[in-house]
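Notes for the structure review
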Amino acid sequence: MTGESLPEVSIGLVPTMGSLHAGHLSLIQKARQENKLVVVSIFVNPLQFGPTEDFQQYPRMLEQDQALCEQAGVDVIFAPSVEEMGVGRQQSAASRQPSAVSSQKAEGGSQKTEDGSQMLELEAQTISFGDASRFWNTQADTKSPSAQSSPTQVIPPEPMTSVLCGRSRSGHFQGVATIVTKLLSIVQPQRAYFGQKDAQQLAIIQRLVEDLNLPVAIVGCPIVREPSGLAYSSRNQYLTPEQRAQAIVLYRGLSQAAQVFRAGERSADVLINMVKTELQSVSTIDPEYIELVHPSTLEPLEMIEETGLLAIAGRIGSTRLIDNILLSSRKPIVAIDGPAGAGKSTVARQVAQVLDLLYLDTGAMYRALTWLVLQSGLAVDDEPSIAELVSQCEIELSGQPTLMEKQATSISVSINGQDVTQEIRSLEVTSNVSAIAAQPIVRKELVRQQRRYGKNGGIVIDGRDIGTYVFPDAELKLFLTASVQERARRRQQDLKNQGKDEISLDELEQSIYDRDLKDSTRALAPLRQAEDAIEIQTDNLSIVEVVDWIVRLYRE
Ligand code: AMP
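A few points on the structure. (Residues numbered from 1 in each chain as written. Predicted model: local features only at pLDDT ≥ 70, side-chain atom pairs only at ≥ 80, totals over all residues. Heavy atoms only, no water.)

1. A short note on the packing of helix α13 (residues 383-391) against helix α15 (residues 440-454)
Using the following cut-off: Here the axes come from fitting lines to C-alpha atoms, over the contacting stretch only for helices, and the angles between their N-to-C directions go from 0 to 180 degrees. Helical segments are the DSSP runs of H or I of at least four residues, strand segments are the runs of E of at least two, and each set is numbered from the N terminus. Here roughly perpendicular refers to angles of 65 to 115 degrees, roughly parallel to angles under 35, roughly antiparallel to angles over 145, and oblique to all remaining angles. The contact criterion used is simple: two residues touch if any of their non-hydrogen atoms lie within 4.5 Å. For this scheme, ten residues count as nonpolar: Ala, Val, Leu, Ile, Met, Phe, Trp, Tyr, Cys and Pro. Four count as charged, namely Asp, Glu, Lys and Arg, and the remainder, Gly too, count as polar.
Axis separation between α13 and α15 bottoms out at 9 Å; the angle between their running directions is 5°. Considering the angle they form, α13 stands roughly parallel to α15. Residues Ile386, Ala387, Val390 and Ser391 of α13 touch α15, and the partners they reach there are Ile441, Val442 and Glu445. Within the contact of α13 with α15, the residues separate by chemical class into five nonpolar, one polar and one charged.

2. As for the site of the ligand
Short version of the rule: For each residue, the test is whether any non-hydrogen atom lies within 4 Å of the molecule or strand; if one does, the residue is near. Each polar contact in these results corresponds to two N or O atoms within 3.5 Å; when the atoms are within protein, one needs to be able to donate a hydrogen and the other to accept it, and residues that are neighboring in sequence are counted only if both atoms are side-chain atoms. Where accessible areas are quoted, they stem from the Shrake-Rupley method and a 1.4 Å probe; at the residue level, only the protein chains shown are allowed to cover.
Neighbouring the ligand are 17 residues, the closest being Met17, His24, Gly195, Asp198 and Val224. In the model, an oxygen atom of the ligand is placed 2.8 Å from a nitrogen or oxygen of the His24 side chain. One nitrogen or oxygen atom from the side chain of Asp198 is found 2.6 Å from an oxygen atom belonging to the ligand. Out of a free accessible area of 480 Å², the ligand has 93% covered by protein chains. Among the elements that take part in the shell around the ligand, helix α1 (residues 22-34) stands out by supplying three residues, more than any other. Looking at side-chain class alone, the shell around the ligand contains nine nonpolar, six polar and two charged residues.

3. Remarks on helix α19 (residues 543-555)
Operational definition: What a helix is expected to span follows from its residue count: subtract one and scale by 1.5 Å.
Under the 1.5 Å per step criterion, the end-to-end length of α19 is 18 Å for 13 residues, consistent within 8% with the ideal 18 Å. Looking at the packing, one finds that the buried side of α19 touches β10 (331-337), α11 (344-355), β16 (476-481) and β17 (534-537).

4. So, the nonpolar core
To be explicit about the condition: In plain words, nonpolar cores are sets of buried Ala, Val, Leu, Ile, Met, Phe, Trp, Tyr and Cys residues tied together by side-chain atoms within 4.5 Å. Throughout, exposure labels follow a simple rule: accessible area from a 1.4 Å probe, protein chains only, divided by the maximum for the residue type, with under 20% read as buried, over 50% as exposed, and the rest as partly exposed.
Within the largest apolar cluster, 55 residues are counted, with the highest numbers of intra-cluster contacts made by Ile336, Leu480 and Ile550. Counting residues per element, this core draws most heavily on helix α12 (residues 362-375), at eight residues. The contacts of Leu480, once residues within four sequence positions are left out, are Ile336, Asp337, Gly338, Pro339, Ala342, Gly343, Lys344, Val347, Ile536, Thr538, Val546 and Ile550. Of all hydrophobic cores here, the second largest spans 28 residues; its members include Val154, Val180, Leu183 and Leu184.

5. As for the sheet that holds strand β14 (residues 418-419)
The condition that has to hold: Only strands that DSSP links by at least two bridges are regarded as paired with each other.
Spatially, the three strands line up as an open sheet ordered β12-β13-β14, and their pairing is antiparallel. For this open sheet the edge positions go to β12 (395-398) and β14, each flanked by a neighbour on one side alone. Strand direction decides the pairing type here: strand β13 (residues 412-415) and β14, joined by two bridges, are antiparallel. When the bridges of β14 are listed, Ser414 appears paired with Asp419.

6. A look at helix α8 (residues 199-211)
Here α8 spans 18 Å end to end across 13 residues, near enough to the 18 Å set by a 1.5 Å rise per residue. On its buried face, α8 sits against α6 (158-161), α7 (172-187), β5 (191-195), β6 (217-221), β8 (307-316) and β9 (319-328). One or two positions beyond α8, positive phi appears at Asn213, with a value near 50°.

This is the structure we're talking about:
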């Protein structure tokens, strides 16, 4: 059986410690959009708590979490006990304090069990809505207690754990990495969702997955904040109303630093001092650290070249809070998605021209590759050879689009150093490009190249899943739509302008309807509207009006 004939059941995992709030729900929502099945794990991981930390007090509210998950369309809650996760309390960092062991409450109502009954216990804690649980095996742990006394642990790179929270939370990230690795191995998701709120954790998990070649995509999600600016956290429950009001200073400090960053300040000292001064305005805050590091490597920065992570931790009373902000000098990316025939590429070209950005013509990239395949004498269905070819090719786009859609040739396109701007418009390329573009490996490689462009920002790009998949962190996401009737009318007008035979509106509507259905259900790059995309209904708007609207949004 080949890979393609396997049914695609994509699983999205959202690891949490429960006591769910709007931050968690945003991860769940994103997972819901991108996967067939959504699994939320709820596990207060003893390995990540230090001996003097709040493992015992950490809020546990499984029933309420269950209701929230059900409302949010979660398919399975995986809520194992400490024993079932094979990290009995004797291994936990928290258990180094004897009183913590003696006063230990069993988690989630689970009880110590004999080996044979652990599976049942686990299943009792695996709450599935519908029949989703049949898709995966819940046998988390069948080892004997003696084998559990010294389990394998995952140790992230020291430079990533010796900064920020790692300074005061020794062993914390080892505990996180170990449990996340176990969760990924048990659930086997295609994607796992982590919040930018725990930016150090996110960077470490991203590195872990890369280093251990784990077959999962780690999806980072933006911080969700209360209207006051305070980042949602399960630990906010510990705060009194006064402390809650005081805690807002964390975000205020970060926002002020972001403001001077936007005005051109790049020095770590200056940015950190801004936050420090702001925090000093609230005497009850006891700052633990204010640091500027690279968001992926976590290396301390003296200056921000492209992006920096400004992160803080502080205590209010006995509650430890963390917050951070990403500072990026990358020029914005404008992602335009929408159904076929809504005018995306015409609009994208014009927006790029008005804003002096690069129109990343993905169609031209697929055409360039198709030209190379044909030039190399490969059959268009020879996927293994095409895979090899595509992994070695580099496509370059440069120049400005002209305002006319059909004159896209003013963008220069080269592949492996050869200019193919004219060649990619040939009939032969046109008639073979869809067969090439439909190959998953081709798509994967070209997305990689598109993201390479995205590193510096300053691009406009259109497609079906740009805002949700290719550039989920795009600064401006648009979803351009138009009714089927309007798109049929526009298509008829186009055909007329080109002197082609007239097709009836009914026939055009039917074919647009079929195309929409195909585009939103296709396995490869289905049409998806990003949660944070601004929808523009273009039925009663001219191209110029749509472009003006987007330019205005960009400038805002
Ligand atoms: P926790 O339950 O605290 O372990 O968090 C589970 C996941 O939710 C982690 O990936 C967190 O980064 C994420 N998360 C927590 N708070 C927020 C927030 N305010 N915004 C976005 N994600 C969050």
